[in-house]
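Descriptive structure summary
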Amino acid sequence: MRTTNFITLPDGRRMSYAEFGNPDGYPVIHFHGGGGSRLEPLLLGDELISQFGIRLIAPDRPGFGQSDFQPNRGFSDYPKDVIFLADTLGIDKFSVLGISNGGGYVSACAAKLNNAAIVSGMWYVDSFAGLPMLTRCFYALAKIFPLLYRIALKLSLPFVQGDPAKVLAALKKQAPAADYAVLKAQNRIGAFCKSTIEAMSQDAKGPAWDFQLYLRPWNFRIEEIQIPLKFFHGEQDKTVTIALAKRYIDRLPTAQLFTYPNEGHISVVVSQFETIVKALKESN
């Protein structure tokens with residue numbers, strides 16, 4: 001496990017990334033969630049990742065963690081960064097795994113891949129209809145008052161920098177039971193806080209920009225995706241509801257959706273990791 005590594009991209013930006021699992025295993029590039037960073041795989045743990053024979057490479061997206069911010073970027077800009085990272089590491093063939101807000105980036109990269117999986121995937125929010133009230137307010141703030149949203153993210157940082165037990169107690173009141181149970185076990189709440197703190201180690205600018213991309217039309221057509229994208233989603237997910245995910249999965253003729261009635265937003269990738277890895281290795 002090497003949690004802080006750097007490469008310099010062709011345009012001069014610095015990209016930071018972490019590596020987990022078996023160095024000789026099948027390569028999977030991990031796209032973290034909107035509040036996560038390259039440290040997000042700590043939720044899984046290096047031992048579990050190694051157990052299933054994969055080499056998990058987790059870059060910070062621009063403006064997250066230690067990666068330089070990229071002005072005016074969209075989803076379609078990211079594949080170039082990912083391919084350069086793979087080339088630099090001498091990787092010819094790999095799959096990608098996107099968690100939550102990593103889903104849009106998986107879709108943007110899908111035309112150049114053989115296999116990909118999206119877990120609890122976030123999609124273009126063209127309507128707030130059917131969303132839980134708290135989620136609706138959160139999305140509305142980000143869309144109507146983006147600067148306030150960025151400030152709100154920054155103001156939330158001291159809370160996760162505090163006692164992880166208090167963060168866990170707060171999540172118990174609003175998170176699905178499965179998410180709470182997963183975060184409580186094996187001190188995953190500590191890993192969750194560490195990844196979130198690192199996400200905003202420069203500023204909230206990167207995470208705020210990242211979320212804005214989901215509130216306006218994407219700069220590529222998802223209908224052009226030809227590979228059989230695999231989606232794993234918990235039916236108890238309150239962050240990205242199954243209804244929101246289905247709006248876009250239904251537009252992809254090659255999509256495969258696997259749903260879990262007792263899983264939430266975070267628990268799916270931990271509880272179903274073996275199944276997800278098997279899907280990522282198919283046809284490779």
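Residues numbered from 1 in each chain as written. Predicted model: local features only at pLDDT ≥ 70, side-chain atom pairs only at ≥ 80, totals over all residues. Heavy atoms only, no water.

Moving on: the overall build of the protein chain. Per the secondary structure count, the protein chain includes twelve helices and eight strands. In terms of C-alpha radius of gyration, the protein chain reaches 17 Å, essentially the compact-globule figure of 19 Å for 284 residues. Reported as C-alpha extents along the three principal axes, the dimensions of the protein chain are approximately 45 × 40 × 40 Å. Put simply, 75% of the contacts in the protein chain that link residues at least 6 apart link residues at least 24 apart. Taken as a whole, the protein chain presents about 12200 Å² of accessible surface, with 55% of it coming from carbon and sulfur. Measuring between centres, the 30 positive side-chain charges of the protein chain sit 5 Å from its 26 negative side-chain charges. (Helix = DSSP H or I, 4+ residues; strand = E, 2+ residues; numbered from the N terminus. Rg over C-alpha atoms; globule rule 2.2 N^0.38 Å. Contact = heavy atoms within 4.5 Å. Areas by Shrake-Rupley, 256 points an atom, 1.4 Å probe, with all protein chains shown as cover. Lys, Arg positive; Asp, Glu negative; His and termini not counted. Charge placed at Lys NZ, Arg CZ, Asp CG, Glu CD.)

With that settled, the discussion passes to the pattern of salt bridges. For the structure on display, the rule yields eleven salt bridges. Measuring nitrogen to oxygen at the nearest pair gives 2.7 Å for the salt bridge that ties Arg55 to Glu19. Residue Arg55 is located in strand E4 (residues 54–59), and its partner Glu19 is located in strand E2 (residues 14–21); the two are separated by 36 residues in the primary sequence. Grouping residues by exposure puts Arg55 and Glu19 together as buried. Ionic pairing is found between Asp203 and Arg150, a salt bridge with its closest N-O pair at 2.7 Å. On the criterion of sequence distance, the pair formed by Asp203 in the loop between helix H8 (188–199) and helix H9 (205–212) and Arg150 in helix H5 (residues 146–161) is long-range, its members being 53 residues apart. (Salt bridge = Lys/Arg side-chain N within 4 Å of Asp/Glu carboxyl O. Buried < 20%, exposed > 50% of the residue type's maximum accessible area, 1.4 Å probe, protein only.)

With that settled, consider the packing of aromatic side chains. Counting across every chain of the model gives 17 aromatic pairs. Ring plane angle 70° and centroid distance 5.4 Å describe the contact between Phe31 and Tyr78, whose orientation is recorded as edge-to-face. Of this pair, Phe31 sits in strand E3 (residues 26–31) while Tyr78 sits in helix H2 (residues 78–88), and the two are 47 residues apart along the sequence. Tyr78 shares its class with Phe31; the two are buried. Arranged with centres 4.7 Å apart and planes meeting at 50°, the rings of Phe75 and Trp218 form a pair that is tilted. One end of the pair, Phe75, is in the loop between E4 and H2; the other, Trp218, is in the loop between H9 and strand E7 (230–234), with 143 residues separating them in the sequence. Over the face of the ring belonging to Trp209 we find Arg216, whose NZ or CZ atom lies 5.3 Å from the ring centre. (Phe/Tyr/Trp six-rings, centres within 6.5 Å; stacked < 30°, edge-to-face > 60°. Lys NZ or Arg CZ within 6 Å of the ring centre and 35° of its normal.)

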